[in-house]
Number of protein chains: 2
Amino acid sequence: NFQYMEEKNIKMALNDNKAGMEGLDRDKINKIIMESSKGSKFYENEVKREQQVNQRIDKMMLQKEQITEQHLKKAQAQVARMVVELEKRRDLTRVIVHVDMDAFYAAVEMRDCPELKDKPMAVGSMSMLSTSNYHARKYGVRAAMPGFIAKKLCPNLVIVPTNFDKYRAVSSEIREIFADYDPNFMPMSLDEAYLDFTEHLEKRQSWPDSLRTHHYRASSNPKGIAPNMMLAKVCSDKNKPNGQYRLPSTREAVMEFVCNLPVRKVSGIGKVSEKLLNALGISSCSHLGQKMALLSLLFSETAWHHFLQVSLGLGSAFIPRHEERKSMSTERTFKEMSAAEEQLSLCRELCEDLANDLKKEGLKGKTVTLKLKNVNFEVKTRALTLSYPVATADEIFAVAKDLLKTERDNESPQPLRLRLMGNQIKQFN
Amino acid sequence: NFQYMEEKNIKMALNDNKAGMEGLDRDKINKIIMESSKGSKFYENEVKREQQVNQRIDKMMLQKEQITEQHLKKAQAQVARMVVELEKRRDLTRVIVHVDMDAFYAAVEMRDCPELKDKPMAVGSMSMLSTSNYHARKYGVRAAMPGFIAKKLCPNLVIVPTNFDKYRAVSSEIREIFADYDPNFMPMSLDEAYLDFTEHLEKRQSWPDSLRTHHYRASSNPKGIAPNMMLAKVCSDKNKPNGQYRLPSTREAVMEFVCNLPVRKVSGIGKVSEKLLNALGISSCSHLGQKMALLSLLFSETAWHHFLQVSLGLGSAFIPRHEERKSMSTERTFKEMSAAEEQLSLCRELCEDLANDLKKEGLKGKTVTLKLKNVNFEVKTRALTLSYPVATADEIFAVAKDLLKTERDNESPQPLRLRLMGNQIKQFN
DNA sequence: TTGCAAACG
DNA sequence: TACTCGTTTGCAA
DNA sequence: CTCCACATC
DNA sequence: TACTGATGTGGAG
Ligand SMILES: Nc1ncnc2c1ncn2[C@H]1C[C@H](O)[C@@H](COP(=O)(O)OP(=O)(O)OP(=O)(O)O)O1
Ligand SMILES: Nc1ncnc2c1ncn2[C@H]1C[C@H](O)[C@@H](COP(=O)(O)OP(=O)(O)OP(=O)(O)O)O1
Ligand SMILES: [Mg+2]
Ligand SMILES: [Mg+2]
Ligand SMILES: [Mg+2]
Ligand SMILES: [Mg+2]
């Protein structure tokens, strides 16, 4: 029992930074997760990665020791100047909405099979789940968890295979609704988007009760409403499922909101950043503000600028236009594969699939990247940039097969034992 | 590591009383088995049963303490008298053969799919294997092991589903061969029979090289040859796979053979009897002879008579006629089932299946037995004997459903949570 | 330009 | 037996 | 007669 | 998430 209390140091533990994961028996859940994982290659790799993170922390703490009061004072001054600048530009005039469907894939499946409504269920396979409904989340079952572990947590869990096309179809219906409110809305994924409601409100002078009544009844659509994207995003998670949260557009409300906000809730601050910050005594955003001078000395410019903005409750108050894609890739996991011919023919197949996808969007790219994951879950990428853009399967394969051959030849001990292969194209120009 | 060395006291450990299980890494195997099982309801039940056996041993050891030299002497005298009697009747004139196919189901599947020949494979499912080929046995994979554990022991194991009809068909071909040598042979299972070769040898004056050359090439058919059934059975296991063993028909040869024979090798002495005997310092059959007086005081008459015969290398020198069946039953394991209607309708189905089977053999029986196993693997049987024999589904169900209802009503806490149900008929007259 | 780690859904 | 896939970003070499 | 434990394949 | 199913024997109550 004791051993699972140390969960903070253990990568395998339940990641409960997710709606619907509050107040469940974490010890029991972590025990089951741990016992299902311990000894597996996956687990060993996670342990290795965790150690690397710990080393990173050690290095950071050493650096911290070197910092003098002098340094800190100077840094503090610079931070203060920047705060003034940022406050000057603070914009509370916009109304930014972040919409994010509840348990999206699961909701679609439940719509199509109402039997599932009162059951704990998840979408995916015995190997991997991409989401679960809220009933299942009560058991600790969540996205990115393998189904066979989820089944141990929740023996009655129903696992429905993924129907990506359905989700894409529902998504496009949802987006039509979004467009009614803000034609320039920014989709972030199939189930989620930022909308600038400012104009709509000026015209209508009133809030819609809910987008829900209009749109396809697959899923409820809770919103987060706030003066900028960063805050709206946090807010949309707040009353999940099935609710919304509006943060008033005043500096006081914003600062109070941000004060006790755990850093991990902020989009962009993940597990590792959280751990780094925790090591410095920072867990909430108010701590961020208090330690900005230190942070400016320990982190990169982009990183501490971001932290500073977060600590002030700042974020983008306008929604950028949708950007063109920068890369396209395809990858596949399979049972251990060591035979050269088999690997080569799989590589060819991946190139064909990728070429197909490129064709659909009429794209050509100059950089071909081969991705390999061996049976110990160690990932490698090998890239080559050509002087001309390519798009066909043959062109891509010509590059990829050489990259693969080099890796096979250099592998020791022989042979190269793979569990995943992937191809990527970028540099579209 | 250490903990798995204590395997003698642990029910879950690999049962290696099986051909092809010699000289493999038992510690590693037991570790995997244990880690796959620990904490499961199955495991908990095994632990409970093991404790009961231990209590039985404790009781026996207490009884042993009460025994005086007097008792022992008297017992020794009785044993000695019986030895004289038995020796008088010792019959070394018959040639008894026990034939037992190698890895029978697996051999049939390999015959039908030669791809499998060089692979470790087993017959059954992820839940249960009924046998494995010798390649797989090298990994500790064997009959009565669940497939999912076998897969951990041997990731490349191929599991092919059971085709019982095929095995029955092959079996009947084999039996035709058997009949050529002894029309009164006694089949013990699909792949195994006792034959009395005495007459055949008197006529032919020579041994067939092998039955193998004659019969269907599904499986090799190693034999054990000895002057009685008990010894023949032990011998047939000796040179598995693919060999045979003949024990000469002299008292000396027999006694030497028996001397170092582990009691567990004797048919009828299983895991529990072995453990009881071990507690008395008995592991080989020679020990049996040395401690017969003690055994006659601690075990039932039938039991110690059996032990005495074994210790003298005695057994039946003639093969009894095939007996009529005494019972017929059908049972099924399923996912936890608690709802009354569901249980009832399953019970009806089982009765129908049983009635069908009874009809095929034109049988009627007076005793109906309901078998239940709850989700903790605890087994109950409840029987009722009628004054008249029954055979139809309705008749059987009329009894079974009442037996079931009683159990449901008496269960506490409610409800009755089942994992298996079965029906049996006996008392055919 | 390359390779990797982190993050997100 | 079974621990994803597609995409972006940032950092360091 | 009933129930259970043990054993076999 | 998955630990059988058919049959027989013996012993105790
Ligand atoms: N780790 C993942 N791997 C693959 N697909 C994922 C993953 N996480 C999420 N998805 C897919 C399935 C989700 O339904 C969909 C939207 O993601 P997201 O909004 O984060 O969760 P969700 O909509 O299922 O639940 P909720 O938003 O209520 O927490 O994207
Ligand atoms: N525990 C069991 N449960 C179900 N079926 C079994 C079990 N044990 C054996 N069988 C079936 C499958 C076997 O092929 C067949 C003959 O059993 P048996 O002769 O003991 O083993 P085997 O023929 O497979 O291997 P071998 O005899 O070489 O040790 O009976
Ligand atoms: Mg969502
Ligand atoms: Mg989302
Ligand atoms: Mg056999
Ligand atoms: Mg057999």
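Keep in mind it's a predicted model, so treat the numbers as computed, not measured.

**Student:** Can you walk me through the overall build of chain A in this structure?
**Tutor:** Scanning chain A from terminus to terminus reveals 17 helices and 12 strands. In terms of C-alpha radius of gyration, chain A reaches 24 Å, essentially the compact-globule figure of 22 Å for 429 residues. Across the 429 residues of chain A, 46% fall into the buried class. Residue pairs at least 24 apart in sequence account for 66% of intrachain contacts in chain A once pairs closer than 6 positions are excluded. With an accessible surface of roughly 22,800 Å², chain A has 50% of that area assigned to carbon and sulfur atoms. Averaging the coordinates of the 66 positive side-chain charges in chain A and doing the same for the 56 negative ones gives two points 2 Å apart.

**Student:** Looking at this structure, I do not really get the domain arrangement of chain A. What am I missing?
**Tutor:** Frequently, the measure chosen for interface size is the accessible area that the parts lose on association. Assigned domains of chain A: these are domain 1 (75-90 + 255-312), domain 2 (93-131 + 157-246) and domain 3 (327-428). Taking only C-alpha atoms, the centre of domain 2 of chain A and the centre of domain 3 of chain A are 35 Å apart.

**Student:** Please clarify how the protein's contact with DNA strand E should be interpreted in this entry.
**Tutor:** Residues and elements named next belong to chain B. As a matter of local geometry, DNA strand E sits amid 24 residues, with Ser189, Lys233, Ser273, Ala383 and Thr385 nearest to it. One of the side-chain N or O atoms of Asp191 is found 3.5 Å from a sugar or linking oxygen in DNA strand E. Ser273 has a polar side-chain atom sitting 2.6 Å from a phosphate oxygen of DNA strand E. Elements with a minimum of two residues in the surface near DNA strand E: helix H3 (41-66), helix H12 (271-279) and strand S11 (379-390). Looking at which element gives the most residues to the surface near DNA strand E, the answer is S11, with six residues. The residue inventory of the surface near DNA strand E, partitioned by class, reads six nonpolar, 10 polar and eight charged.

**Student:** Quick question: what am I supposed to make of the packing of helix H5 (residues 104-112) of chain A against helix H8 (residues 164-181) of chain A here?
**Tutor:** Any two packed helices are characterised by the angle at which their axes cross and by the distance between the axes. Residue and element names in this part refer to chain A. Remark: H5 packs on H8, axes separated minimally by 10 Å, with the N-to-C direction vectors making an angle of 100°. In terms of orientation, H5 lies roughly perpendicular with respect to H8. Contacts from Phe104, Tyr105, Val108, Glu109, Arg111 and Asp112 of H5 reach H8 at Phe164, Lys166, Tyr167, Val170, Ser171 and Ile174. Grouping the constituent residues of the contact of H5 with H8 by class yields seven nonpolar, one polar and four charged.

**Student:** Just to check I follow, could you spell out the nonpolar core for this structure?
**Tutor:** Generally speaking, a soluble globular protein has its nonpolar side chains buried in company with each other. Ranked by internal contacts, the top residues of the largest apolar core, which has 43 residues, are Leu277(A), Leu295(A) and Phe299(A). Contributing elements (two or more residues each) for this core: helix H3 (41-66), helix H4 (69-89), helix H10 (229-238), helix H11 (251-259), helix H12 (271-279), helix H13 (285-290), helix H14 (292-298) and helix H15 (301-311) of chain A. Considering every element that reaches this core, the biggest residue donor is H10(A), with six residues. Counting contributing residues per domain, this core is built from domain 1 (75-90 + 255-312) and domain 2 (93-131 + 157-246) of chain A, each supplying no fewer than three. Once residues within four sequence positions are removed from consideration, Leu277(A) is found in contact with Val263(A), Ile269(A), Ile282(A), Leu288(A), Leu295(A), Phe299(A) and Phe307(A). Counting residues in hydrophobic clusters, the runner-up holds 42 residues, among them Met186(B), Met229(B), Val266(B) and Leu288(B).

**Student:** I'm lost on the coordination of the magnesium ion (ligand 3) in this one. Help?
**Tutor:** Tetrahedral metal sites with four donors have an ideal angle of 109.5 degrees; octahedral sites with six donors have ideal angles of 90 or 180 degrees. Residues and elements named next belong to chain A. Every protein donor of the magnesium ion (ligand 3) is accounted for by Asp100 (OD), Met101 (O) and Asp191 (OD), and the metal-donor separations fall at 1.9 to 2.2 Å. In this structure, the magnesium ion (ligand 3) is coordinated by six donor atoms arranged in octahedral fashion, with angles at the metal of 85 to 178°. Each donor residue of the magnesium ion (ligand 3) belongs to the same chain, with the gaps between them written as D-M-x89-D.

**Student:** For this particular structure, what's the right way to read helix H15 (residues 301-311) of chain B?
**Tutor:** A turn of α-helix holds 3.6 residues, and therefore any two residues three or four places apart point the same way. All names here are of chain B. Along H15, the residues that are buried comprise Trp304, Phe307, Leu308, Val310 and Ser311. Across the axial projection of H15, the buried residues extend over an arc of 165°, all falling on one side. Exposed residues pointing more than 90 degrees away from the buried face of H15 are listed as Glu301 and Thr302. In this fold, the buried residues of H15 make contact with helix H4 (69-89), helix H10 (229-238), helix H11 (251-259), H12, helix H13 (285-290) and helix H14 (292-298).

**Student:** Where do I start with the site of ligand 2 in this structure?
**Tutor:** All names here are of chain B. The environment of ligand 2 is formed by 15 residues, the closest being Ala103, Thr131, Tyr134, Arg137 and Lys240. Measuring from an oxygen atom of ligand 2, one finds a backbone N or O atom of Ala103 at 2.9 Å. Here an oxygen atom of ligand 2 and a side-chain polar atom of Thr131 are 2.6 Å apart. Notes on ligand 2: free accessible area 570 Å², of which the protein chains cover 71%. Residues belonging to the shell around ligand 2 are distributed by class as follows: seven nonpolar, two polar and six charged.

**Student:** Got a minute to help me understand the environment of Ala226(B) in this structure?
**Tutor:** All names here are of chain B. With respect to the helices and strands, the residue Ala226 is situated in strand S7 (residues 223-226). Given a relative accessible area of 1%, Ala226 falls into the buried group. For the pair Ala226 and Leu247, spaced 21 residues apart in sequence, the C-alpha separation works out to 5.0 Å. Sequence-distant contacts of Ala226, that is, excluding residues within four places in its chain, are made with Arg94, Val95, Ile96, Leu231, Ala232, Cys235 and Leu247.

**Student:** For this particular structure, what's the right way to read the coordination of the magnesium ion (ligand 6)?
**Tutor:** Residue and element names in this part refer to chain B. Coordination of the magnesium ion (ligand 6) by the protein is provided by Asp100 (OD), Asp191 (OD) and Glu192 (OE), with metal-donor distances spanning 2.2 to 2.7 Å. Here the donor residues for the magnesium ion (ligand 6) map to a single chain with the spacing D-x90-D-E. Separating the magnesium ion (ligand 6) from the magnesium ion (ligand 5) is a distance of 3.4 Å, and Asp100 supplies a donor atom to each of them. Asp191 sits in the buried class, given a relative accessible area of 11%.

**Student:** Sorry if this is basic, but what is going on with the site of ligand 1 here?
**Tutor:** Residue and element names in this part refer to chain A. By nearness alone, 15 residues border ligand 1, and Ala103, Thr131, Tyr134, Arg137 and Lys240 come closest of all. A distance of 2.9 Å separates an oxygen atom of ligand 1 from a polar atom in the side chain of Asp191. Taking Lys240, its side chain carries an N or O atom lying 2.8 Å from an oxygen atom of ligand 1. Burial of ligand 1 by the protein chains amounts to 71% of its free accessible area of 580 Å². When residues of the shell around ligand 1 are traced back to their parent elements, those giving at least two are H5, strand S3 (129-132) and helix H6 (134-137). Here the residues of the shell around ligand 1 sort into seven nonpolar, two polar and six charged.

**Student:** What am I meant to see in the environment of Lys401(A) here?
**Tutor:** By the secondary structure assignment, Lys401(A) is in helix H17 (residues 393-410). Spatially, the C-alpha atoms of Lys401(A) and Leu92(A) are 54 Å apart, while their sequence positions differ by 309 residues.

**Student:** Explain the protein's contact with DNA strand F to me, please; I cannot follow it from the model alone.
**Tutor:** What surrounds DNA strand F is a group of 29 residues, the closest being Met126(A), Lys151(A), Lys152(A), Ser300(B) and Arg419(B). Close to the protein, within 4 Å, the atoms of DNA strand F belong to sugar or phosphate groups at a rate of 66%. With respect to DNA strand F, the backbone of Ser329(B) contributes an N or O atom lying 2.9 Å from a phosphate oxygen. For the surface near DNA strand F, the elements supplying multiple residues, two or more each, are helix H7 (147-153) of chain A together with helix H7 (147-153), strand S9 (327-337) and strand S12 (418-426) of chain B. Sort the elements by how many residues they give to the surface near DNA strand F and S9(B) lands first, with seven residues. Split into classes, the residues belonging to the surface near DNA strand F amount to 13 nonpolar, eight polar and eight charged.

**Student:** Looking at this structure, I do not really get the confidence of the model for chain A. What am I missing?
**Tutor:** As a note on interpretation, predicted positions should not be read in detail where pLDDT is low. Residues and elements named next belong to chain A. For chain A, the average pLDDT comes to 94, and 94% of its residues sit at 70 or higher. In this model residues 1-5 is a low-confidence stretch, pLDDT under 50, and it forms eight contacts with partners more than four residues away in sequence or in other chains. Of the regions scoring below 50 in pLDDT, residues 213-218 engages in 12 contacts with residues more than four places distant in sequence or in other chains. Scoring of the predicted complex yields 0.88 for pTM and 0.88 for ipTM.

Cut-offs and rules
Residues numbered from 1 in each chain as written. Chains lettered and ligands numbered in written order. Predicted model: local features only at pLDDT ≥ 70, side-chain atom pairs only at ≥ 80, totals over all residues. Heavy atoms only, no water. Helix = DSSP H or I, 4+ residues; strand = E, 2+ residues; numbered from the N terminus. Rg over C-alpha atoms; globule rule 2.2 N^0.38 Å. Buried < 20%, exposed > 50% of the residue type's maximum accessible area, 1.4 Å probe, protein only. Contact = heavy atoms within 4.5 Å. Areas by Shrake-Rupley, 256 points an atom, 1.4 Å probe, with all protein chains shown as cover. Lys, Arg positive; Asp, Glu negative; His and termini not counted. Charge placed at Lys NZ, Arg CZ, Asp CG, Glu CD. Domains from an automatic or database assignment. Near = heavy atom within 4 Å. Polar contact = N/O pair within 3.5 Å; in protein donor to acceptor, adjacent residues only side chain to side chain. Nonpolar A, V, L, I, M, F, W, Y, C, P; charged D, E, K, R; others polar. Axes fitted to C-alpha atoms, helices over the stretch in contact; angles between N-to-C directions. Parallel < 35°, antiparallel > 145°, perpendicular 65-115°, else oblique. Core = buried A, V, L, I, M, F, W, Y, C linked by side-chain atoms within 4.5 Å. Donors = N, O, S within 2.8 Å, 3.2 Å for Na, K, Ca; no water. Tetrahedral: all angles 85-135°; square planar, octahedral: opposite > 155°, others 65-115°. Arc of directions from axis to C-beta. pLDDT = per-residue confidence, 0-100.

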